[in-house]
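If you want the building blocks of each chain, they are given just below.
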Amino acid sequence: MPARQTRRRFTLSALALPFLATTARATRPREARITDFGARADGATVNTRAIQGAIDRLAAHGGGTVVVPKGVFVSGALFLKPGVHLRFEQGAVLRCTTDMAHFPRQRTRIEGHFEEAFTPALINAKGCHGLRISGPGTLDGAGRPIWDEFWKRRNAAPVPGEFPNIGLPRARLALIENSRGVTIEGVTFKDSQFWNLHLYDCEDVLVRGARFEVPDDYKQAPSSDGIDLDSCRRVTIDSCTFSVTDDCIAAKGSKGPFALQDKSSPPVETIRVRNCHFRRGHQAFSCGSEATIIRDVVIEDCRVTGDMVLTRLKLRPDTPQRYEDITIRNITLDSEGGTILAIQPWSQYKDLRGAAPPQSVVRGVRLIGIRGRFGAFGMISPNPGQTTISDILLQDIDVTLRDGKLAASGVSGLRFEDVVVNARTVTA
């Protein structure tokens, strides 16, 4: 009898059943597989309409997750909507088409300003608070033919090197803007036509376990930045790998003599980078090329194995800049080339627009706990008459360098504490 009692079932009234069904639907995460909307994983079909249909359907029903299954899905520009996330399954590839007709030009943020008609990204998200892009899949820019065309046009320019970066339609892999609480985890970004991950005016972002890659056999994929932190606050980049041919991580903002008046470009601040591997790139961390105010940056517990600049602060002669409170600590170097520190003028592009040369400040830069072998110590130099550089600390450093001299001029408060270069203590 007791055993029969344990199997007893309670019946529910017919009135209760609809309520429970509604509650179950409300709490169950919604997912939409792009193949259920007609997407084909043949590496050729342009699936923009099918994938956007999955996004729009979820958005219309309160949100959910678009799932990209295993296979190669080609697409043009996609536009995520609030409440809609993106998840990649193992072996999933979302690849840019190189037919730029599938990236209709629109107003977009690029290089420190807004272009009224430029190429959108493959993944675009605006005002998508709480957004998650995750999973062991790949965003593939299919960039090689675009890179080849870029160099063909630049080399044919009447003035060498003057063909502009935005002179050719090129898609970033992801542009996320005006969004809070964003998580990007586990995704590989590869062969991007332009920047890989562009974050603009975002707050509370976590990028974890992502990879940013350019093929080793391509010498210079133009503008292949890994992550661009454009006017962002409270961003953490953790356990990522960078193997690109431009800046691995770049802090960006506005530019020009009136940049401090640009309300659309708030400061870049409270940036944390940790446990990352910088394998290839121009700079592991860069302030600029477009940047105004950058402060409270900590890069720690990272490894650099490529011939790159560990820390470059670009000083534009046409922009009032403030680079403050930047700490690089517990870094392992292992390369024949590269430069530890470069704070110096950068004038690849400049336009004073008739204004007087602006004043800039660099202060509170600290390199602490640097170990290993590298190419050169580096350089500290201001834009003459424009830049005040002060409070630079080099502490607990033990490195083997081909060029062990730090060429420093125009700087006050430069301190060496427990600095050993090529087995010799450096005091100044």
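About the thresholds
Residues numbered from 1 in each chain as written. Predicted model: local features only at pLDDT ≥ 70, side-chain atom pairs only at ≥ 80, totals over all residues. Heavy atoms only, no water. Phe/Tyr/Trp six-rings, centres within 6.5 Å; stacked < 30°, edge-to-face > 60°. Helix = DSSP H or I, 4+ residues; strand = E, 2+ residues; numbered from the N terminus. Buried < 20%, exposed > 50% of the residue type's maximum accessible area, 1.4 Å probe, protein only. Core = buried A, V, L, I, M, F, W, Y, C linked by side-chain atoms within 4.5 Å. Contact = heavy atoms within 4.5 Å. Expected span 1.5 Å × (residues − 1). Pairing = 2+ DSSP bridges. Lys, Arg positive; Asp, Glu negative; His and termini not counted. Salt bridge = Lys/Arg side-chain N within 4 Å of Asp/Glu carboxyl O. Polar contact = N/O pair within 3.5 Å; in protein donor to acceptor, adjacent residues only side chain to side chain. pLDDT = per-residue confidence, 0-100. Disulfide = S-S within 2.5 Å.

Turning our attention to the packing of aromatic side chains. Counted under the stated rule, the structure contains nine aromatic pairs. Ring geometry for Phe189 and Phe212: centres 4.9 Å apart, planes at 20°, overall stacked. Note that Phe189 is positioned in strand E15 (residues 188-190) and Phe212 in strand E18 (residues 211-213), a separation of 23 residues in sequence. Phe212 shares its class with Phe189; the two are buried. Judged by centre distance (5.2 Å) and plane angle (10°), the ring pair of Phe242 and Phe278 falls under stacked.

In this section: the nonpolar core. Nonpolar side chains tend to gather and get buried jointly when the protein is soluble and globular. Counting 108 residues, the largest nonpolar core has Ile237 and Phe278 as the members making the most contacts within it. Contact partners of Ile237, with chain neighbours within four places excluded, come to Val207, Ile227, Leu229, Phe242, Ile249, Arg272, Val273, Arg274 and Cys276.

Following the sequence through the fold, Asp230 ends up in strand E19 (residues 227-230). Owing to a relative accessible area of 1%, Asp230 belongs among the buried residues under this scheme. Ignoring sequence-local partners within four residues, the contact set of Asp230 consists of Arg109, His198, Leu199, Tyr200, Asp201, Lys252 and Gly253.

Quick look at unusual backbone geometry now. Looking along the chain, the bond that leaves Gly288 and enters Ser289 is cis, with omega of 20°. Mapped onto the elements, Ser289 comes out in the loop between strand E25 (283-287) and strand E26 (293-304). Here the phi dihedral of Asp391 falls at roughly 55°; this positive angle occurs in a residue that is not glycine. Relative to the helices and strands, Asp391 is located in strand E31 (residues 387-408).

This next bit is on helix H3 (residues 48-60). Helix length check: H3 (13 residues) gives 18 Å between terminal C-alpha atoms against 18 Å at 1.5 Å per residue, within 8%. Directly after H3, the chain includes Gly62, whose backbone phi takes a positive value near 95°.

As a general feature of sheets, a regular strand has side chains that alternate between the two faces. Two elements, strand E11 (residues 132-134) and strand E14 (residues 180-185), share three bridges in a ladder whose sense is parallel. When the sheet's bridge partners are listed, Ile133 is paired in E14 with Ile184.

What follows deals with the side chain of Arg172. Within the secondary structure, Arg172 is located in the loop between helix H4 (144-155) and strand E13 (174-177). No salt bridge is formed by the buried Arg172. Its closest oppositely charged neighbour is Asp230, at 7.1 Å. A polar atom in the side chain of Arg172 sits 3.0 Å from the side chain of Thr108.

Let us now look at the environment of Arg402. Topologically, Arg402 is positioned in strand E31. When the C-alpha positions of Arg402 and Val421 are compared, they lie 9.8 Å apart, and in sequence the two are 19 residues distant. Leaving out residues up to four positions away in the same chain, Arg402 has contacts with Glu336, Gly337, Phe374 and Gly375. Side-chain polar atoms of Arg402 contact the backbone oxygen of Glu336, separated by 3.0 Å.

Let's shift gears to the pattern of salt bridges. As a working rule, side chains carrying opposite charge can pair if their charged atoms are close by. Here the structure, examined in full by the defined rule, presents 33 salt bridges. Note that Asp42 and Arg40 form a salt bridge whose closest N and O atoms lie 3.9 Å from each other. On the basis of relative accessible area, Asp42 is assigned to the partly exposed category, the value being 38%. The salt bridge involving Arg153 is made with Glu149; its shortest N-O contact spans 2.8 Å. Taken together, the positions of Arg153 and Glu149, both in helix H4 and four residues apart, correspond to about one turn of that helix.

We now examine the environment of Arg366. Take Arg366: it is sitting in strand E30 (residues 360-380). Among the polar contacts listed, one links the side chain of Arg366 to the side chain of Thr327, at a separation of 3.0 Å. A distance of 3.5 Å separates a polar side-chain atom of Arg366 from the backbone oxygen of Gly364.

Another aspect to go through is the confidence of the model for the chain. Per-residue confidence for the chain gives a mean pLDDT of 93, with 93% of residues at or over 70. Across the chain, element-level confidence peaks in E15 with a mean pLDDT of 99 and bottoms out in helix H2 (residues 16-27) with 33.

Attention now goes to the environment of Phe79. Looking at the secondary structure, you find Phe79 in strand E5 (residues 78-79). Exposure remark for Phe79: the relative accessible area of 28% places this residue in the partly exposed category. Along the chain, Phe79 and Leu394 lie 315 residues apart, while their C-alpha atoms are 45 Å from each other. Excluding its chain neighbours within four sequence positions, the residues that come into contact with Phe79 are Gln52, Ile55, Gln106, Pro120 and Asn124.

As a further point, take the state of the cysteines. For the coordinates displayed, the defined rule picks out zero disulfides. Lacking any disulfide linkage, Cys248 is separated from the closest cysteine sulfur, that of Cys276, by 9.5 Å. Residue Cys248 is classed as buried on the basis of its relative accessible area of 0%. Unpaired in terms of disulfides, Cys302 finds its nearest cysteine sulfur in Cys276, a separation of 4.7 Å.

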